[in-house]
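# Observations on the three-dimensional arrangement
This is what each chain is made of:
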Amino acid sequence: MMGRCLLILWAVMCWQSHLILLLKGRKKGIAGHLIRKIEENGDCLDTGFLTTPYLLDALCKIGRMDKAYKILLQTKCPSWLYEVKQGATTVWEHWDGIMEDGGFWSADMNSFNHYAYGSVADWIYEEAAGIRPLEPGFAQAQVAPKPDRRLGWLEASIETRHGLVRSRWEYQDGGIRYEIEAEMPVSVVIDGTKRQVPAGSYIFWGSEK
């Protein structure tokens with residue numbers, strides 16, 4: 001019963017944080033509860049199909065990108081990289097589809113190629129790589145990467161009806177090297193500075209975080 005109550009609480013906090021963060025006076029309290037529950041769970045997520053897509057976004061909205069990356073890079077179960085440690089090349093239906101002892105969560109209802117927790121890819125594209133449409137169909141794009149040294153480097157690209165958008169960042173020589181490529185006008189945001197540039201390939205340098 002306690003575990004179910006905890007899951008419900010996580011669900012409520014994720015939805016509230018992601019959608020409207022409730023009333024202005026409640027934002028700080030909800031954010032604090034969310035962080036506390038994550039830390040009580042060993043910096044692992046404990047969300048299901050409905051709220052996992054919102055968890056990392058909710059953390060970004062309350063200014064805790066560091067905690068979002070910590071969950072992304074977590075290797076203990078439940079986590080995405082726990083699955084990788086267990087040999088996964090796709091995202092599972094259950095966090096412990098294959099348990100640490102090698103046994104299966106279930107012999108029948110246990111998909112090893114499931115869409116639900118794969119929602120993390122949306123966060124990687126839109127937040128970590130920073131790729132978003134500014135106009136429908138990517139007629140104009142935004143690339144506003146949010147790097148983290150623990151990852152070291154990241155590259156993501158997407159083919160749109162208006163062409164390719166690519167974002168790459170890497171920690172180098174005491175700074176961060178950004179490679180931005182877009183086949184449409186693009187708004188580039190590096191270290192809080194916005195640049196509106198035409199289609200093309202660009203290299204920028206930013207300060208190390």
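Residues numbered from 1 in each chain as written. Predicted model: local features only at pLDDT ≥ 70, side-chain atom pairs only at ≥ 80, totals over all residues. Heavy atoms only, no water.

The secondary structure content of the protein amounts to 6 helices and 8 strands. Start at the N end of the protein and walk to the C end: the helices and strands fall as α-α-α-α-α-α-β-β-β-β-β-β-β-β. Once local pairs closer than 6 in sequence are excluded, the contacts in the protein between residues at least 24 apart make up 47%. Roughly 11100 Å² of accessible area belongs to the protein as shown, and the carbon and sulfur atoms make up 56% of that amount. (Helix = DSSP H or I, 4+ residues; strand = E, 2+ residues; numbered from the N terminus. Contact = heavy atoms within 4.5 Å. Areas by Shrake-Rupley, 256 points an atom, 1.4 Å probe, with all protein chains shown as cover.)

What follows deals with the pairing of strand 7 (residues 193-197). Sheet topology places strand 6 (residues 186-190) next to strand 7; 5 bridges connect them, and they run antiparallel. In the strand pairing of strand 7, Ser187 is matched with Gln196. A loop of 2 residues connects strand 6 with strand 7, the two strands running antiparallel in sequence, and Asp191 in this loop sits at a positive phi of about 55°. (Pairing = 2+ DSSP bridges.)

To continue, consider unusual backbone geometry. Between Cys77 and the following residue, Pro78, the backbone shows a cis peptide bond with an omega angle of 5°. Here Pro78 shows up in the loop between helix 4 (65-72) and helix 5 (80-85). At Asp43, a residue that is not glycine, the phi angle is positive and equals roughly 60°. Within the secondary structure, Asp43 is located in the loop between helix 2 (27-40) and helix 3 (52-61). Positive phi, close to 65°, is recorded for Phe138, a residue that is not glycine. Position of Phe138 relative to the elements: it lies in the loop between strand 1 (131-133) and strand 2 (141-143).

In this structure the tally under the stated criterion is 16 salt bridges. Of the charged contacts, one joins Arg132 and Glu126 as a salt bridge, the two residues approaching to 3.1 Å between their closest N and O atoms. Here Arg149 ties to Glu208 by a salt bridge, and the two come within 2.5 Å at their closest N and O atoms. Within this pair, whereas Arg149 is found in the loop between strand 2 and strand 3 (153-160), its partner Glu208 is found in the segment after strand 8 (200-207), the two being separated by 59 residues in sequence. (Salt bridge = Lys/Arg side-chain N within 4 Å of Asp/Glu carboxyl O.)

So, about the sheet that holds strand 7. The mixed open sheet is built from 4 strands, whose spatial order is 1-2-6-7. Two strands close off the open sheet at either side, each with one partner strand: strand 1 and strand 7. The mean inter-strand angle of the sheet, taken between neighbouring strand axes irrespective of direction, is 20°. (Axes fitted to C-alpha atoms, helices over the stretch in contact; angles between N-to-C directions.)

Taken in spatial order, the 4 strands make up an open sheet running 3-4-5-8, and their pairing is antiparallel. Where the open sheet ends on each side, the last strands, each with one partner, are strand 3 and strand 8. Adjacent strand axes in the sheet meet at a mean angle of 10° when their direction is disregarded. When strand 4 (residues 163-172) meets strand 5 (residues 175-182), the two strands line up antiparallel, connected through 8 bridges.

By themselves, these figures tell us nothing about what the structure is for.
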